[in-house]
Each structure stands twice: as C-alpha cells, then as structure tokens.
Amino acid sequence: MTDDISPAAAADAAKGRTSILVLDDEPIVCKRLRPFFQKAGYEVEAFTNPAEALERVTQRRFDVVITDLKMEGLDGLAFLGKVKALYPDTGVIVITGFATMETARESFRKGVFDFVAKPFKLAEILDGVRRIEKEKGLGTAK
Amino acid sequence: MELPSIKDLFAGWRKKPPVPFSVLFKKFKSILERNNSILELIGDMGDKLGGDYVFDRQYIFDSCERLGDQVFKLVSDLSLLCQRKNVSLFTAFERVQHQIREELAGRRALSRSDHILPLAELTHDLADEGGNKMASLGDIRNILGCTVPEGFVVTAGAYFEAMERAGLRKLAAQTTKHLCDTRGQGLEEASLRLRQSILSMPLPRSLSKAVEQAARKLAGEGGALLAVRSSAWGEDGESSFAGMYESVLGVAPADILDAYRRVLASLFCEDALRYRMHHDTTCEEPAMAVGVMRMVDARTSGGLYTYAPLQEHDQPMVVSAAWGLGKPIVDGTAETDTYFLRREPPHETISSEVSPKTTRLGLDPSGGTRTESVPAELRDNACLDRGQLALLAETAMNLERFFKRPLDVEWAFTPDGTLTVLQARPLSIRPRSCSLGEDVAEAAKDAPVIFSGKGVTAMGGVASGRVHIVDNDPDLADFPYGGILVARHSSPRYARIMPKCRGIIADVGSATGHMATIARELRVPTLVGAGNATRVLRQGQEITLDADHKVVYDGAVEALCRYELSKEDVFEESWEYRTLKRVLRHISPLTLLDPKSDQFRPESCKTFHDIARYVHQRAVDKLISLAETHQDLTEGAPRRLATKLPLGMTIIDVDGGLAPGEGDEVGEDAVRCRPLSAILDGMNAAGMWETRPVPVDLGSFMSSVTRTFSADQSHPTRMGRNLAVVSREYLNLHLRLGYHFTVVDAYLGGSINDNVIFFRFMGGVTDFTRRSRRATLVADILEQFDFVVETAGDMVTGRVKKHPTRAMLDKMFMLGGLIGYTRQLDAMLDSDEAGQRHVQEFLQRISALREARE
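Residues numbered from 1 in each chain as written. Chains lettered and ligands numbered in written order. Predicted model: local features only at pLDDT ≥ 70, side-chain atom pairs only at ≥ 80, totals over all residues. Heavy atoms only, no water.

Sorry, what's going on with the overall build of chain A here?
A tally of helices and strands in chain A yields six helices and six strands. Reading chain A from its N end, one meets helices and strands in the order α-β-α-β-α-β-α-β-α-β-β-α. Taken over 142 residues, chain A has a buried fraction of 53%. Nonlocal contacts in chain A, meaning residues at least 24 apart in sequence, comprise 66% of its contacts between residues at least 6 apart. Summed over all atoms, the accessible surface of chain A reaches about 6,100 Å², with 53% contributed by carbon and sulfur. (Helix = DSSP H or I, 4+ residues; strand = E, 2+ residues; numbered from the N terminus. Buried < 20%, exposed > 50% of the residue type's maximum accessible area, 1.4 Å probe, protein only. Contact = heavy atoms within 4.5 Å. Areas by Shrake-Rupley, 256 points an atom, 1.4 Å probe, with all protein chains shown as cover.)

Please explain the overall build of chain B as it appears in this structure.
A tally of helices and strands in chain B yields 27 helices and 31 strands. Taken over 854 residues, chain B has a buried fraction of 56%. The contacts of chain B with a sequence gap of at least 6 include a subset with a gap of at least 24, amounting to 65%. Of the accessible surface of chain B, which amounts to about 35,200 Å², a share of 49% is contributed by carbon and sulfur atoms.

I tried to follow helix α14 (residues 386-403) of chain B on my own but got confused; where do I start?
Owing to its 3.6 residues per turn, the α-helix brings residues three or four apart onto one side. Residue and element names in this part refer to chain B. Between its terminal C-alpha atoms α14 stretches 26 Å, which fits the 26 Å expected from 18 residues at 1.5 Å a residue. With 13 of 18 residues buried, α14 lies mostly within the body of the structure. If you check the start of α14, you find a side-chain oxygen 3.1 Å away from the backbone N of G387, and it comes from D385. One or two residues past the end of α14 sits K404, with phi positive at roughly 60°. (Expected span 1.5 Å × (residues − 1). Polar contact = N/O pair within 3.5 Å; in protein donor to acceptor, adjacent residues only side chain to side chain.)

Please clarify how the packing of aromatic side chains should be interpreted in this entry.
The geometry of an aromatic ring pair is captured by the separation of the ring centres together with the interplanar angle, meaning the angle of the planes. Under the defined criterion, the tally for this structure stands at 13 aromatic pairs over all chains. Feature note: the residues F72, F90, F93 and F608 of chain B constitute an aromatic cluster, connected by ring pairs. Over the ring of F62 of chain A we find R60 of chain A, and its NZ or CZ is 4.1 Å from the ring centre. The positively charged end of R343 of chain B is found above the aromatic ring belonging to Y307 of chain B, 4.0 Å away from the centroid. (Phe/Tyr/Trp six-rings, centres within 6.5 Å; stacked < 30°, edge-to-face > 60°. Lys NZ or Arg CZ within 6 Å of the ring centre and 35° of its normal.)

Looking at this model, I keep getting lost on the sheet that holds strand β16 (residues 456-459) of chain B. Mind explaining?
The strands that make up a sheet pair up through hydrogen bonds in the backbone, lying either parallel or antiparallel. Residue and element names in this part refer to chain B. With mixed pairing, the eight strands of this open sheet are ordered in space as β15-β22-β21-β17-β18-β19-β20-β16. Strands at the two margins of the open sheet, each flanked by one partner only, are β15 (449-452) and β16. Adjacent strand axes in the sheet meet at a mean angle of 30° when their direction is disregarded. Alignment of strand β17 (residues 462-470) against strand β21 (residues 542-546), held across five bridges, turns out to be antiparallel. Counterpart to A463 in the pairing with β21 is L545. (Pairing = 2+ DSSP bridges. Axes fitted to C-alpha atoms, helices over the stretch in contact; angles between N-to-C directions.)

What's the story with the nonpolar core in this structure? I'm lost.
Considering soluble globular proteins, one finds that nonpolar side chains tend to be buried as a cluster. Residue and element names in this part refer to chain B. Formed by 60 residues in total, the largest nonpolar core has its most connected members in I140, V319, L384, L399, W411, L485 and Y494. Ranked by the residues each element gives to this core, the list is headed by α14, at eight residues. Apart from residues lying up to four places away in sequence, L399 is in contact with I140, L144, C146, L407, V409, V421 and A424. Counting residues in hydrophobic clusters, the runner-up holds 59 residues, among them L645, L680, F761 and M808. (Core = buried A, V, L, I, M, F, W, Y, C linked by side-chain atoms within 4.5 Å.)

Structure below.
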C-alpha cells in the first residue's frame, strides 16, 4: 500500500501525524471539523462531494475516515464499504442525523469503529479518533 | 384503572366530574411533562450556539419541526383539560410557527418595522434591519463600549418600503434575476436605468419626514455636517463589497434625502451587480440600510491593520496616520506616518516612519470638506504619541478578539483626545495562511500542556495572556487589560471586566449560566467546570487557552492564536449559526412574565416559550380550581398541612404521599412524600426561614406581606393558596409566599435515571434591579448544587436530574432552605455586593445544616 502514499502524506507519516478524511455533504460540518482537527495536530482533508472523496481514497490511504451516512448522490454505507475494501485497517467513524438502530447495526457490520449522532460535540468526535489511534497504535495527538 | 372516553370525561363536568381526580391529574401531569420537554428542547437549541457542538442545516429544520409539534400538542392538551377551544391560543401558535417557517425559507422577517434606528439600539441581532456595517458599529459602541460617531440608521425595511412604493422593487428583482439567468447580459444599461430611477424616486412621506427630522436632530443647533454611509446586507460580512457602495461625506442636514438616494442607488452600481452575480449563487434580494453619522472633526485619523500584510516575522500590527480627516489616507493619496506595533501588550513600537505631511483634509463649515495646508510646525512631527498608539492598539485588539478576524480599523482622534472608531472590517490574511495548517499542528503538538479534557466550552476560541486569579471584588478592580480570568465559580459579576479579559476559566459553572451567556455575547473564549484551574494555574503565569479543545498550554502559543484568526469561516457568521439564532428569536425569549398582568393573554404570546408559559399557568389554575370545587375527586380529600411556618398549604394525595387518616388537617409527621418531606425540613431548619427584624423603612413592605398571608389563611378557598400534589416519590408544588412564586416538580426515589428536580422562582414587589439581583443570587446558588440554570428577566429555572436519590433529597433540603431564605430578601439587595454576601451567607448556613443532617 505504500506506493499509493503521496509525498505530503509520506511526510506526515514520517512526522507521525494521523491522517483524517472527512466526508459530509453539509459544508458546515467540514468547515468546522477541518480546523478543529488541524489545531489538534492532525492532517485533515475534508470533502462535501462524495465522488471527490471516493476519487481521493483511491489515491491514498487515510488512518481515519469520518463520513456521513445520508448524502445526495452516494450512500455513506457504500462509501465506507469501498474504504474498508481498499484499506481494511482504516478506522471509520460514521456521523449521521438520522440515527436508527438499523443503520447503526448495518454500519457496524461493515467494520465501522464508532457511530456519532448529529448534532455532536467536538469533544465526542475527537474522543472517537483518539480511541482509534489507541487501538491501532497511532497516537500522536494529545 | 379503566379510562373513560374523553366524551364521558367532559359530560356534565361542572355538575359532577365523572372521573377520579387521578385521571385528571394525569392530563395535568402530561402538560407539565410536555412543558418541561419543550423548555428543554429550547435550552438544547440555545446550547448549540455555544460552540461546543457541530450541528447542520438539518438539525435546525428537525428541531423546529419537533418543537412546533410539541407546542401544538401542549395547546391541544390544555384545550382538553379546560374543555375550551382556545382559538386565540392556536392563533398565537400559528403566528409564531409561520414566522419560524419564513426564517427557515430565507425570507427574513424584520423584527423591527421602524424606518430609523438609533445607533445606541443597534447590535448584530439587528443586522437585517441595520445592515452589516452599521450593526458592527453598533456592537462596537453598545457591546464593546468604544466611542463611535453619533448617528442612526435608515433601515433595510425603509429601503424596501421606498422601492415598493416607487414600483422599483419588482424592477430590481426582475433585473437581478435576468442578470443571473443571462450571466450579465445588458448589465451596464440595467445598472444605469435602476440607478437613475432610484435617484429620482419619491420617498414615502412618513419616511422622508422621519429621515429629515432625525438628521436635523443629529446635526444639532450648530448644523454639524453628516456622513451618509452604505450599510448593505452582506457588506463587510462574508462577502466584502469593499468600496463598491457609495458614501457621501460632509452632507448638510437639508441635503440628506439626496444623499440617501445616492447611497441607495449605489446598491445597483455595475461593480456590485457583477459581484453579486458571481458570488451570490442564490440571487437573494439585496437591501441597503443607510447609516447617517455626525462627521467627526478629526485632529488625526488613519487606518490600522491588526496584522501587517507584508511583514514575515513577528506578526506586528501596522498603523498609518495623518493630520485631519481620514479619506485621503484610505484612498492612498496622502503622505502618512507609519508605525509597526507589537500585538502583545503593552504593544511596544517596533518601528516608526514619520513623513512630511503638507496637506490635510478638513471640514468646510459651509458644507463638504476641503484640503488645507498643514501648519509648518506640524508638518514633520509624528501625528501620534506613545499613549495614543497604545490606546489604539488595545482598542484594535479588543475589536479583533470580538470579531474573531484580523481587522482593518478606521479611526480618528478628536481635538479633545478621544479615540473614535469609524469602522472595522475584516482583513483577509488568507494568502499567507496556506502553510498555517502545518505550523499549527506542529506548534500545538510541542507546546507543554498544563491540563486538558476537563470542563465544558461555554464559548469557543483561543486566547493567550497572563493568568489573573480572582476570588473577591477588589481583585476585579485591578484586573489587568489582556489578562485571563481564572475563578473558582462562574459569576455574572465578571461581566464588567469581560471587555478587558481575553479568556475565562472557571473551576465550577455551567455553559448555560448567566456568565456564559455574557461571555458568548462578548465572544470571550470561556471554559467552565474545569475542576481545579485555580489551584493548577499560578497568578501571572502566561498561558494559552484553547476553549474548543479544552486545553490549557503553558506560555503563549502564537501559532494557535494566529490560526484562530485566519480560519476561513467564523462560526458565528455561518448560515447555520445565524439562522439558528434568528429562529430562536421566535422561540426562546420569555416576554409573558407576570400572570397577574392584563397582558397575560394568548394574544400577547410572541414566542413558543410564551405559549408554554401561558399553558402551564392555566393548567395550574385549572388544577387548583378543580381541587377546590370537587374535593370528592381526589382519593382522599385535599387536606390542610399544619405547619409551624405560615405556609397555608393544601395537599392533594394521589398515591401514598400521606399517612392514611381522617380529618381535613394533617401534621408534618404524616407526610410520606419524600421530596416534600425534605423540602419542609429545609424550610424548618434553623436560620433558613428568615426571621431577623426587618429595617424600619421596610415596614410597609412587610405589612403587605402579612396582609397576603392573613388573606390566604382566612379564606382557604381563595385562588392562589399553596398547593402540593404528592405521591410517595412525586411532588408538584406551587407556592406563593408574599409575592414570590415558586414551582417545584420533583420525582425522586425510583431508578436513578428517573430522578429529576425542576425548580422555578419568580416574582417580587421591589424594583427590577433588586429582582434581577435576587434572580442572580438564586441562579448562583442553584449552580453550586449542580442545577442547570436559566435566567430570563427575574425568572430563574433550574433543572437537575439523574443524581442518586440521597443527593437529590439533599438538594430538596437546600431548596426548602432557599425558598425560606429568599422569601423577602430582594428588599435588602441594595447592591451587587449585598447579593454576593447573601450567597455566601446562605451557602455557609446550609452547609453547616447539611453536615449536621449527615
């Protein structure tokens, strides 16, 4: 998989920085999560367009993927399925405004690490990312 | 129990209600529960503004929908309970619901219909009415307390009315749409046609009269000249439109209407049309509010960038200044002095460059402005001294922290030495911020953390400065400019030093408390409930508070502060934030305060909160009157509680709240209801039911209280006497003592998750200031006991739930004490200090009593 890592990502990996991809078609979620995670010491790319995010994950690997479930154009479940197929090791956190047990179960079956219902607290999602880091032995941020 | 149908329930109600009281009480109880869940939902929506949450568009739609549904059901419940159609209440509901839907649909409902708003009344809450530029100026004056020119704004509403009457609103809308559709075909002609029509349009008579009158009043006896400035929607906000719209300077009051039309017409100048076409994909209808201000007779004026655009290192701010009025400086046609200052207090001068200044712009007494030559002795002098530079720098940093953006500030010093802020607009430093993402991650990673992960964000943001630990009033007096306030408890007392402080950390406190609300208003990064910050942080220690991440770093982490300012989007300016704030205006304010007032009617309900309040009051009244007229309804008849204290309380026992027995009176020992028993213990405890002699000047006040009690006692069937509905675990208490009105609704003793106390306190006979002090006092005390507290006017509500039963009973004991203690306290609250003294006094007494109980 190392062949797919871009120079920037490689540099981040060298610095031991955890990489995160955020996908949510509500721009406000990206606008708030990107600077929030950057400030906490992460390397972040955020997308509002599922097709672009899909394109991006075929180019490189992310340590953590945070995605909405319900979006125009692409089902979040399909997206995380794709991510897991490419990188079984990537930790996925699902965020959604329509939290039902059924979707939760379904996403857990697909290997989702955590499930956060909107609206959520910034601390909650940071906590989720940190637990992924701990489990996968990434742990760079405070 | 078999439930009768609704029809049976109401048949022959007045004669002999056919159902047991417990059934009616269930309906009543469901109203209370719904009322509480409505208030909680309102509170939740308010919390989302705090910065701790990420919420999206869908959340706003969903919660408005849910809330509307609950309020509708609440109104329906009341109709059932009271067997009334309540048409006017449904109408009130529809009205509020409609306003909310309009807001959500992007049709801004102007909350004020005035043509003219004085600057003194303007803040960002009225940005739709006053336009962005004037609303910002309003914030600078009214929230931050800076001097700005005197003036008023002719509102966006006035613009719409004038355009509508002249038949131009439709033309403008068609033109905008056409340009959007055709990507700007015929833009030049369209612009010219619209502008000419506006320049010659007649203004509605009431509008022109109001503007002329306000202009004359502003100009005063001396006929001072006026500046007429654009303040369009979106200007100086997310989109800049910088310099596109017209400002007319040096206007004599007699010429005000022409200047007004000129500024309106500039809304459709070619640049603006083009800009909107490219940047505003929705082609939202534009609007122009117009600011009218008295021209400032400036001795020196100029501009200030809080970040110097070209300096690579040290990140200083830069000031340019010249003698006279500022226009040539802004236009770049004047020779100016340039100063680079440090951003950190005390803002030392890094370098200065003084140029020879041969001319200056001055006011022409006959109207307009004129260029004059600068007297020889001033030409080569620096036009700002050290003190002025320091004042300028401090002011600019306060503005920057408030607006959360690097700023371009226009300012002037008048001959008497007053600093006047003319304008502040966002300054984009984005080109340089590309690499900041990397920097910030590194900087934050290496900075030593003092503590992290503790507390609740009451207001997000980053602040660095020196710790100033505060624990009594004298500490407030010498609070240093630029310090970070660290305190044991949150308190609204800190409001007065907030403009000076960069950040706040409190060991104890809630994100919905009074202080948090003020911190949000002033946008001061605030962390509450941080545990032991007062012990971990040292006086004078330099720290950086990152309230978003709940991290406190040792030292100044400059990269973090810089990053905070260069964020692409300020949360407070996002559509989501603004829209939520806007819909909340129709939801959360409580304007229906006094149930005894004539205004306590469905027609007066302006918000969902008002409706909920109204329904609650009516439901309580109904329950009391039912209990009085139909004593046979209850399982046992209502019984009077014999107490040492003059409570005049009637108890309706629904299920096991009283020991079985006969007679219409019971003693306190017969109370089996655990929450009631605890609250009575608190009232009876030594030193709680205030018995000290009352000062002589309060004699008349006391007699009014006594009268109320004796009236209650001599007429036990009168409305308004005190009522407790109880079961073994449940208490619903409505208590009017003197003029204080208290509601307690508690369920304690089931599973820990069901444990809940709701407490509400309001009323009082003294002036509003004293009542507010008492509200603050009650709120402070409740917060100390883990209540989530909301204050509106002199009403305080507190909620706490899911604590172990023992701890909850302890809180009930405290509430009993509090009700007794505050019973007639407001008359004595003659100062804020007295309020704080009583908080301490109460806490000491109650803690001694609680220890003794254990």
